[in-house]
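Residues per chain are reported as follows:
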Amino acid sequence: MSGRRKLLLVAVAVLLVAAFVGALGVGRAGRGDPTDAGALGWLGRLGGDGTAVDPATVRADCDRTGDVLSFVGGCALRVDDPGGLRTLVLRSRAAFAVTAPAPGDADLTVRDDVTPGDGGDGGDAVATIAVDRATEVGLGCPGGVTCTVTIASS
């Protein structure tokens, strides 16, 4: 290996270590914002492949117009295998409940009551469900009224 290559290799190693130390040292007090992915989010977008489940790969046993679901009581969604870890994003102007299996090999079912303002985007109720295989997600509507939930692409 030539002297230039060694110097270049050392310079790259120093930059990587400096970036790692900088990432560890640049913290913020408080809980942080899970929607603010910072440099990591930028690198993810640079890859070009979205992390959200394609709404076209979701089937529902309730009324569906485009990506909008309408139901009273409950609705079952079936998500095709996304081929890797993806996020199913569901949005609504009203509260709704979500039941879904945990990703991976965990034998666990997660239930969440989502209310407007939970998603941090100015009033919508937003549920994000991790999906890594073909799975079924249950939706519930409190109070016996009609719920309208949108399968979002982000």
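Residues numbered from 1 in each chain as written. Predicted model: local features only at pLDDT ≥ 70, side-chain atom pairs only at ≥ 80, totals over all residues. Heavy atoms only, no water.

> Is there a simple way to think about the sheet that holds strand β2 (residues 63–65) in this case?
Strands sit in the order β2-β3-β10-β5-β8 across an open sheet of 5 strands; the sheet is antiparallel. Since the sheet does not close on itself, it has two edges, and those belong to β2 and β8 (125–131), each with one partner. Averaged over all pairs of adjacent strands, the angle between their axes in this sheet comes to 25°, without regard to strand direction. One ladder, built from 5 bridges, connects strand β3 (residues 68–72) with strand β10 (residues 146–152); its direction is antiparallel. (Pairing = 2+ DSSP bridges. Helix = DSSP H or I, 4+ residues; strand = E, 2+ residues; numbered from the N terminus. Axes fitted to C-alpha atoms, helices over the stretch in contact; angles between N-to-C directions.)

> Honestly, the sheet that holds strand β1 (residues 58–60) in this entry has me stumped. Any pointers?
Each strand in a sheet pairs with its neighbour through backbone hydrogen bonds, running either in the same direction (parallel) or in the opposite one (antiparallel). Pairing is antiparallel in the open sheet, where 5 strands are placed in the order β1-β4-β9-β6-β7. At either margin of the open sheet sits one strand with a lone partner, and together these are β1 and β7 (109–114). Strand after strand, the sheet turns through a mean of 20° between neighbouring axes, direction not considered. The sheet contact formed by strand β4 (residues 74–79) and strand β9 (residues 135–140) spans 6 bridges and is antiparallel. Bridge pairing links Gly-74 to Gly-140 in β9.

> Can you help me understand the confidence of the model for the chain in this one?
Averaged over every residue, the pLDDT of the chain is 82; residues scoring 70 or more account for 77%. Low pLDDT, under 50, characterises residues 30–35; the predicted model gives this stretch 1 contact beyond four residues in sequence or across chains. (pLDDT = per-residue confidence, 0-100. Contact = heavy atoms within 4.5 Å.)

> Even after reading the chapter, I still don't get the state of the cysteines, so can you show me in this structure?
Here a disulfide denotes a covalent bond joining the sulfur atom of one cysteine to the sulfur atom of another. Enumeration over the complete set of coordinates arrives at 2 disulfides. Across the disulfide, Cys-62 is cross-linked to Cys-75 (sulfur-sulfur distance 2.1 Å). Torsion about the S-S bond of the Cys-62 and Cys-75 cystine: about -65°, corresponding to left-handed handedness. Of this pair, Cys-62 sits in the loop between β1 and β2 while Cys-75 is found in strand β4, placing the two residues 13 residues apart along the sequence. A single burial state applies to Cys-62 and to Cys-75, both of which are buried. Linked covalently through their sulfurs, Cys-141 and Cys-147 form a disulfide whose S-S length is 1.9 Å. (Disulfide = S-S within 2.5 Å. Buried < 20%, exposed > 50% of the residue type's maximum accessible area, 1.4 Å probe, protein only.)

> What am I meant to see in the pattern of salt bridges here?
Close approach of charged atoms allows side chains with opposite charge to pair. Overall, the coordinates contain 6 salt bridges when judged by the stated rule. Notably, a salt bridge pairs Asp-80 with Arg-59, separated by 2.6 Å at the nearest N-O pair. With a gap of 21 residues between them, Asp-80 in the loop between β4 and β5 (86–92) and Arg-59 in strand β1 connect regions that are remote in the sequence. The partly exposed category is assigned to Asp-80, whose relative accessible area is 32%. Residue classification places Arg-59 among the partly exposed residues on the basis of a relative accessible area of 44%. Between Arg-93 and Asp-124 there is a salt bridge; the shortest N-O distance is 2.9 Å. On the criterion of sequence distance, the pair formed by Arg-93 in the loop between β5 and β6 (96–101) and Asp-124 in the loop between β7 and β8 is long-range, its members being 31 residues apart. We classify Asp-124 as buried; its relative accessible area is 15%. (Salt bridge = Lys/Arg side-chain N within 4 Å of Asp/Glu carboxyl O.)

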